[in-house]
Amino acid sequence: MKIKKQTTLLIIFSILFSFGCNQKTVKNEVNIDKKVDSVLKLMTLEEKIGQLSLFTSDMDQTGAFIRKEYQEDIKKGRVGAIFNAYGAAYTRKLQEMAMNTRMKIPLLFGYDVIHGHRTIFPVPLAEAASWDLAAIELSARVAATEAAAEGLHWTFAPMCDIARDPRWGRVVEGAGEDTYLGSLIAQARVKGFQGNDLAATNTVAACVKHFAAYGAAQAGRDYHSVDMSERMLREVYLPPYQAAIDAGAVTVMTSFNDLNGIPATANRFLMTDILRNEWNFKGFVVTDYTSIMELMFHGVAADTAQASELSILAGVDMDMQSGFYNQELENLVKTGKVTESAIDEAVKRILRVKFQLGLFENPYKYCNEELEKETLMKPEFLESARDVARKSIVLLKNENGILPINKQVKSIAVIGPFADNKRDLIGSWSAAGNWSKSVSLLEGIKAKLPEANVLYARGSNIADDSTQFFAEAVNIAKKADIVILALGEAAYMTGEAASRSSLDLPGVQMQLAQKIYETGKPIAVVLMNGRPLTINWLNEKVPAILETWFLGTQAGNAIADVLFGDYNPSGKLPITFPRAVGQIPIHYNMKNTGRPMDPNNKYSSKYLDISNEPLYPFGFGLSYTQFEYGELSLSKNEISENETLTVKISIKNTGKFKGKEVVQLYIRDLVASVSRPVKELKAFQKIELEAGESKMLEFKISTKELSFYKADMSFGYEKGEFEILIGGNSRDTKNVKFLLK
Ligand code: GLC
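Below you will find a few notes about this structure.

### Overview of the overall build of the protein
What the protein contains, in helices and strands, is 21 helices and 28 strands. Expected size for 741 residues packed as a compact globule is a radius of gyration near 27 Å; at 27 Å, the protein falls within 12% of this value. Here the C-alpha coordinates of the protein stretch approximately 75 × 70 × 65 Å along the principal axes. Within the protein, buried positions represent 61% of all 741 residues. The contacts of the protein with a sequence gap of at least 6 include a subset with a gap of at least 24, amounting to 78%. Carbon and sulfur atoms make up 51% of the accessible area of the protein, which totals about 28900 Å². Between the mean site of the 86 positive side-chain charges and the mean site of the 88 negative ones, the protein shows a separation of 4 Å.

Listed below in structure tokens is the structure:
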């Protein structure tokens, strides 16, 4: 009885406590709104419009500087925010300019802190391959801590664009092709950046980008048009943005693309109907770089005035770098085309974020040079970067257990344009990262095996056709017991404005690989790249392949940890690797079609010249150990709409190494009012098992996992037969059916 009473008291207390917290949050929000209103009342129309402009700081050989015209605007209160400015001293100097204005409204400082600020973590696509949400949140946490210590308040991240076309260079900045995984990762990143208190000096405001569906650019060509059904938009592309907003993100960035004919930056359906009215987003919307001006190129605005009018009326609050709001809004208000209340709404959203960051209380709270000095690249940050990097590595092939390499090995040849490469390791969008401080693969191997005879040869350049280094590479390969062949793409080949029409290794790297292969030496290929590559020959010929993406400052150490067995690789691909660019779009959750592929039927959905199958499927990744999946069991064979189905499966580590496995659960809706994908990821668990250990896993399935946009575009489930598929990747699964009655 006593325990029961205590439990009851505990429950009552926790309810009151959480109510109190909510009350506190609500009270805090109400307070801020009152403060915002009191500031707004004092502002002139010109000062209000000034808050809606964001301009860049610049850099030259003398260091960071702000253009004269921007300085003049800041001093007149005609700038709300500056981006690409960081450093406690420099941001203080710029803030002082704003503090000398009539209204003394603090500037917001933003920057592209995408995967680390000074300590660079793996590129986002690599982190997605870890399927480790805690690791991903930690990465964003460290990035925010360093960024805030250098005077920054706001990062233009997370990028939440689902990407199914690896020709698109920005696939490197996101979480890959899957909506469910992408949504969870978006949430983790927002939590990491914003923490629990935006006013803390180790958090920054997040920015959900690029809203919306930028990853569906036609032909994988950056900035290209996007056209899709509302069902596709809502089912595949929108959820990660919504997840980030539900996690509390306080800003959103518009995407460059037009969506179904209307550029995002002038798209009221996106910026108001969905963002404000459906998702109840309270933060502010900033355009991408000069996007308001680009409405004229899109051909929806005849001049700067019309572009500004379309944008502000769509619900876009802040103008990044076009300067059109400053130029046109006052006249648009005077001519009645735009109401002052529309301007007020935008200003209030921006002021609210500045209050949330604590900038009105102390505009210089993030300009602390002492904090800056003691924070950047702390040893524990470097260790975190190494750990997240290890977890992001995907083992694609390991024939005859060539990996891990025995540490007693006598001589190793480290060959390739990425063997002694530091610059490319930190990838694109590496912010204030200093590539000279990254650990190269060669350095990582030497540090791991100080006694071994480590030979090095460049072998080739990354992208030119020079074969002058081949002979030297072949020569040292012949002298070694094993060859580590480091191949890939240059960092600039992914990221913004980096679409490729081919997914092959650039330059003569494949020819180099063939020359090394002809020596007959055992080879382990280490790939460094920001997108899936069509490495069919390597997959066929080379015994071991590690996908290491761009792992950041600690890349060399992390790869050496895996190569020599100090860490058993556990990554899984967050994006499909095609066999050929001609298969694109190719992703795991395709439709069955009315003529599903049948090798014996010409008239079925397939190619004349290649399989429908990818080179490596979504969710794929090997381990140095092996995992055996037991039979799938269900708590019931059928459930009603208000019941939960319990799914059980045992996993056994049947190999010699302790290892981690990402157990993935997919669901297929076999018959519905619209055709449904052959499978969709709905849950996963990353578990660690000692050699020989087994574990029973449980998953819970309810109608939440079965819902979709039906034929009438209502969101919900439909009764009928479903299939559950569980496995260590999206292809090799154990399946069982159940009925929703
Ligand atoms: C760029 C990118 C965007 C970035 C912004 C500011 O063009 O599209 O992702 O945040 O401009 O650098």
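### What about the site of the ligand?
Near the ligand, the surroundings consist of 13 residues, among which D112, R170, K209, H210 and D288 are the closest. Here an oxygen atom of the ligand and a side-chain polar atom of D112 are 2.5 Å apart. Starting from 310 Å² of accessible surface for the ligand in isolation, the protein chains cover 93%.

### With respect to the sheet that holds strand β22 (residues 659–669)
Taken in spatial order, the 5 strands of this open sheet run β20-β28-β27-β22-β23, and their pairing is mixed. Pairing within the sheet leaves two strands with one partner each, and these edge strands are β20 (638–639) and β23 (680–689). Here strand β27 (residues 720–727) pairs with strand β28 (residues 733–740) via 8 bridges, running antiparallel. In the sheet register, G720 faces β28, and the bridge partner there is L740.

### Remarks on the packing of helix α6 (residues 133–149) against helix α15 (residues 379–392)
Orientation of α6 relative to α15, taken along the N-to-C sense of each, is 150°, at an axis distance of 10 Å. Here α6 is positioned roughly antiparallel relative to α15, judged by the angle of their axes. Helix-helix and strand crossings are classified by hand; for α6 and α15 the assignment is left-handed. Along the contact surface, α6 presents A135, L138, V142, T145 and E146, while α15 presents F381, S384, V388 and K391. Split into classes, the residues belonging to the contact of α6 with α15 amount to 5 nonpolar, 2 polar and 2 charged.

### Regarding the packing of aromatic side chains
In total, this model carries 24 aromatic pairs according to the counting rule given. Here W131 and F618 contribute two aromatic rings whose centre-to-centre distance is 5.6 Å and whose plane-to-plane angle is 45°, an arrangement assigned as tilted. Within this pair, whereas W131 is found in the loop between α5 (124–128) and α6, its partner F618 is found in the loop between α20 (555–563) and β19 (627–634), the two being separated by 487 residues in sequence. Here W131 and F618 have matching classes, each one buried.

### Considering the sheet that holds strand β6 (residues 154–155)
Taking strand neighbours across the sheet as the criterion, the 5 strands line up as β6-β5-β4-β1-β12 in an open arrangement whose pairing is parallel. For this open sheet the edge positions go to β6 and β12 (319–320), each flanked by a neighbour on one side alone. Here 2 bridges tie strand β5 (residues 108–111) to β6, and the two strands are oriented parallel to one another. Bridging from a neighbouring strand, G110 pairs with W154 of β6.

### A few points about the environment of L725
Mapped onto the fold, L725 is located in strand β27. In this view, L725 contacts Q664, L665, Y666, I667, R668, K679, T733, K734 and N735; residues no more than four positions away in its chain are not counted.

### A look at empty space enclosed by the protein
Taken as a whole and assessed by the stated rule, the structure comprises 3 cavities of 30 Å³ or more. Within this model, the largest cavity holds a volume of roughly 80 Å³. Looking at the largest cavity, it is lined by 13 residues, and the ones nearest its centre are M159, C160, A175, G182 and P240. Ranked by residue count, the leading element in the lining of the largest cavity is helix α7 (residues 179–194), at 4 residues. Residue classes in the lining of the largest cavity are distributed as 8 nonpolar, 2 polar and 3 charged. If you trace the second largest cavity, you find it lined by I667, R668, D669, R676, E680, K682, E705, L706, S707 and F722. For the lining of the second largest cavity, the elements supplying multiple residues, two or more each, are β22, β23 and α21 (703–706). In terms of residue class, the lining of the second largest cavity is made up of 3 nonpolar, 1 polar and 6 charged.

### Considerations on the pattern of salt bridges
A side chain with one charge may pair with a side chain of the opposite charge, provided their charged atoms come close. Within the structure shown, the criterion is met by 48 salt bridges. In this structure, the salt-bridge partner of R234 is E230, at a minimum N-O distance of 2.6 Å. Taken together, the residues span about one helical turn, with R234 and E230 both in helix α8 (residues 230–246) at a distance of 4 residues. You can call R234 buried: its relative accessible area is 12%. In this structure, D669 and R676 form a salt bridge, with 4.0 Å as the shortest nitrogen-oxygen distance. As far as burial versus exposure is concerned, D669 and R676 are alike and both buried.

### Things to note about helix α17 (residues 470–479)
An α-helix turns once per 3.6 residues; consequently, residues spaced three or four apart project the same way. Turning to α17, its buried residues are F470, A473, V474, I476 and A477. If you follow the buried residues of α17, they end up packed against β14 (411–415), β15 (453–457), β16 (482–488) and α18 (509–517).

### Some points on the environment of V204
The residue V204 is located in the loop between α7 and β7 (207–211) in this model. V204 gets classed as buried once you look at its relative accessible area, which sits at 1%. In this structure, the C-alpha to C-alpha distance between V204 and K602, residues 398 residues apart in sequence, is 57 Å. Contact partners of V204, with chain neighbours within four places excluded, come to A144, A147, A148, L152, H153, W154, T155, F193, Q194 and L198.

Conventions adopted
Residues numbered from 1 in each chain as written. Predicted model: local features only at pLDDT ≥ 70, side-chain atom pairs only at ≥ 80, totals over all residues. Heavy atoms only, no water. Helix = DSSP H or I, 4+ residues; strand = E, 2+ residues; numbered from the N terminus. Rg over C-alpha atoms; globule rule 2.2 N^0.38 Å. Buried < 20%, exposed > 50% of the residue type's maximum accessible area, 1.4 Å probe, protein only. Contact = heavy atoms within 4.5 Å. Areas by Shrake-Rupley, 256 points an atom, 1.4 Å probe, with all protein chains shown as cover. Lys, Arg positive; Asp, Glu negative; His and termini not counted. Charge placed at Lys NZ, Arg CZ, Asp CG, Glu CD. Near = heavy atom within 4 Å. Polar contact = N/O pair within 3.5 Å; in protein donor to acceptor, adjacent residues only side chain to side chain. Pairing = 2+ DSSP bridges. Axes fitted to C-alpha atoms, helices over the stretch in contact; angles between N-to-C directions. Parallel < 35°, antiparallel > 145°, perpendicular 65-115°, else oblique. Left-handed = near helix turned anticlockwise from the far one by under 90°. Nonpolar A, V, L, I, M, F, W, Y, C, P; charged D, E, K, R; others polar. Phe/Tyr/Trp six-rings, centres within 6.5 Å; stacked < 30°, edge-to-face > 60°. 1 Å grid on protein atoms, 1.4 Å probe; cavity = no way out; pocket = protein on both sides within 12 Å on 5 of 7 lines; lining within 4 Å. Points joined across faces, edges and corners; volume = space filled by probe spheres on them. Salt bridge = Lys/Arg side-chain N within 4 Å of Asp/Glu carboxyl O.

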